[in-house]
Structures are given as C-alpha cells and as structure tokens.
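Topology and contacts: notes
In case you want the letters, here they are:
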Amino acid sequence: DQQVKQNSPSLSVQEGRISILNCDYTNSMFDYFLWYKKYPAEGPTFLISISSIKDKNEDGRFTVFLNKSAKHLSLHIVPSQPGDSAVYFCAASTVTSGTYKYIFGTGTRLKVLA
Amino acid sequence: ETGVTQSPTHLIKTRGQQVTLRCSSQSGHNTVSWYQQALGQGPQFIFQYYREEENGRGNFPPRFSGLQFPNYSSELNVNALELDDSALYLCASSLGLAGGVGLFFGEGSRLTVL
C-alpha cells in the first residue's frame, strides 16, 4: 500500500525555468509533508515542510503547495539551477503511539540543463 | 556541530550471516530512526529509538533489531541475512518527536548480500 506516490520518476528542466515536482497521498491523517533532496552517495537532506493546516510554505526559491481536497502537494523551484539536479523525495508524517513515522515516496530525479 | 555519521559505508555479506551497522546522531539529537532504501525506492521506515527505547516500528521482521546508547548513538542489527536485505541503510536523527522539523540523515551504509 503506497500511501505517498511520486508518479514521475524523472523531470528535465532548463536552467532559469520553473521545476514542479508532484506528490499524491492517500492518508488524510498525515499532519506534515516534507521534501528531501538527495545527491548521489549522500543521505537525503531536508528541504522544506508544510503543516497539513497550511496550503503554502515558501523558503527562498522553494515553495510547497498543499491541496488537501485533492490529496496532492507540489514543490516549485524558481529559478531552477544546475545544482538543483538531484533526486527529490516527498514524505509525509503521521503520529502513531507518540511516534512520528515518516513515509516516503519513490522519488523524482530532477535534471536541470544548463 | 557534527552531523549524522554512519559506519561502515559499504559492506558485503553472504546469505545467513549477521550484520551490525552503526550510527552517531547529530549533536544534541535524542531520537534516531533507521530506514531501508532499496534500489529505485524511497526510504522505508524500520524503527525509531527515543531515550534508548524502541518507539515505533515499521513492517520489518524481528530479525531486524536495534539499540540506542546513552550518548544517543545507535546500532542496527540484522540476523539471518537474505538476498532482499541488500539495500542502502539510512540512519536519521532528530530532536524529540517533532513531525514538521524533519530528519537529518547520514550518508548511509550500503549492504550487499550475496
């Protein structure tokens, strides 16, 4: 049962343009949604998060949008830079018996072309 | 401030053997989680330790076990290794049990089971 889905395994974008990465989820009890970036041979790095009670969170070039009715979130990167080329994971957190459990999607590989 | 460090970075075992992976959490972080990332997949939650006790577990059999020490470092032990255990094992630390703060990952230990 894949509760967090990233249906696009890869995405290519020209430098300077907008990158939009998408994520769908099925569990309406998730309370936070997070995006992680992963370079080869490194662990995932926390990028940005959004509470389930918000619909937008912005941090510099990165903005996450949450549409609860559609159970969909997206990460916008503007403008895209070659250094943004990485695998991006969407994750959702839920509390079970006092423990925050994070469920990750399968990732989207972003390639920003110079 | 030191980040999350894991050892060893790579190792090869044969089916039926046992393995111990180690993790030092980020300075000040008291919660450690372990994840398994198979090829082409997102990280899958194995378990979490908080104040030296297991505080949540994913869908992994009992042959996956762990420990957390007073200095918050942690071990992941896997007994009776199977071929499907071949994966990148990620350790992540966090402060307390806050869902929106995110996890800080190490670089991972890549296990190959032959």
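Before reading on, note that the structure itself is shown above.
Our subject in this report is the structure included herewith. (Residues numbered from 1 in each chain as written. Chains lettered and ligands numbered in written order. Predicted model: local features only at pLDDT ≥ 70, side-chain atom pairs only at ≥ 80, totals over all residues. Heavy atoms only, no water.)

**Overview of the pattern of salt bridges**
So the rule is basically this: For this document, the term salt bridge refers to a Lys or Arg side-chain nitrogen within 4 Å of an Asp or Glu carboxyl oxygen. A helix here means a DSSP run of H or I that spans at least four residues, while a strand means a run of E at least two residues long, and both kinds are numbered starting from the N terminus. For every residue, the accessible area (1.4 Å probe, protein chains only) is compared with the maximum for its type, and the residue is labelled buried under 20%, exposed over 50%, or partly exposed between those bounds.
Evaluated as defined, the whole model comprises five salt bridges over all chains. Between A:Arg61 and A:Asp84 there is a salt bridge whose closest N-O contact spans 2.8 Å. Here A:Arg61, found in the loop between strand 6 (56-59) and strand 7 (62-67), pairs with A:Asp84, found in the loop between strand 8 (72-77) and strand 9 (86-96); they are 23 residues apart in sequence, far enough to count as distant. Take A:Arg61: its relative accessible area is 22%, and that puts it in the partly exposed class. A:Asp84 sits in the buried class, given a relative accessible area of 2%. Linking B:Arg63 and B:Asp85 is a salt bridge whose minimum nitrogen-to-oxygen distance equals 2.8 Å. Taken together, the residues span a long stretch of sequence, with B:Arg63 in the loop between strand 6 (53-57) and strand 7 (64-68) and B:Asp85 in the loop between strand 8 (74-78) and strand 9 (87-94) at a distance of 22 residues.

**A look at the sheet that holds strand 8 of chain B**
Residues and elements named next belong to chain B. Here is the rule: Think of it this way: DSSP has to see at least two bridges between two strands before they count as a pair. Lines fitted to C-alpha atoms define the axes here, with helix axes fitted over just the stretch in contact, and angles between the N-to-C directions of these axes take values from 0 to 180 degrees.
If you trace the four strands from one edge of the open sheet to the other, you get 1-3-8-7, paired in antiparallel fashion. Because the sheet does not close on itself, it has two edges, and the strands there are strand 1 (5-7) and strand 7. Strand after strand, the sheet turns through a mean of 20° between neighbouring axes, direction not considered. Alignment of strand 1 against strand 3 (residues 19-24), held across three bridges, turns out to be antiparallel. Residue Ser 7 lies in a different strand from strand 3, and its bridge partner there is Arg 22.

**Considering the nonpolar core**
Stated precisely, the cut-off is as follows: Definition of nonpolar core: a set of buried residues of the types Ala, Val, Leu, Ile, Met, Phe, Trp, Tyr and Cys, connected through side-chain atoms within 4.5 Å. We call two residues contacting when some pair of their heavy atoms lies within 4.5 Å.
Judged by nonpolar contacts, the single largest core of 24 residues is most densely connected at A:Phe33, A:Trp35, A:Leu73, A:Leu75 and A:Tyr88. Put simply, the parts of the chain that give this core at least two residues each are strand 3 (19-25), strand 4 (32-38), strand 5 (45-51), strand 7, strand 8, strand 9 and strand 11 (108-113) of chain A. Sort the elements by how many residues they give to this core and strand 9 of chain A lands first, with four residues. Setting aside anything within four residues of it in sequence, one finds A:Phe33 in contact with A:Tyr25, A:Ile48, A:Ser49, A:Ile50, A:Ser52, A:Leu66, A:Leu73, A:Ala91 and A:Ala92. Core analysis: the second largest hydrophobic core is formed by 20 residues, B:Trp34, B:Ile46, B:Phe60 and B:Val113 among them.

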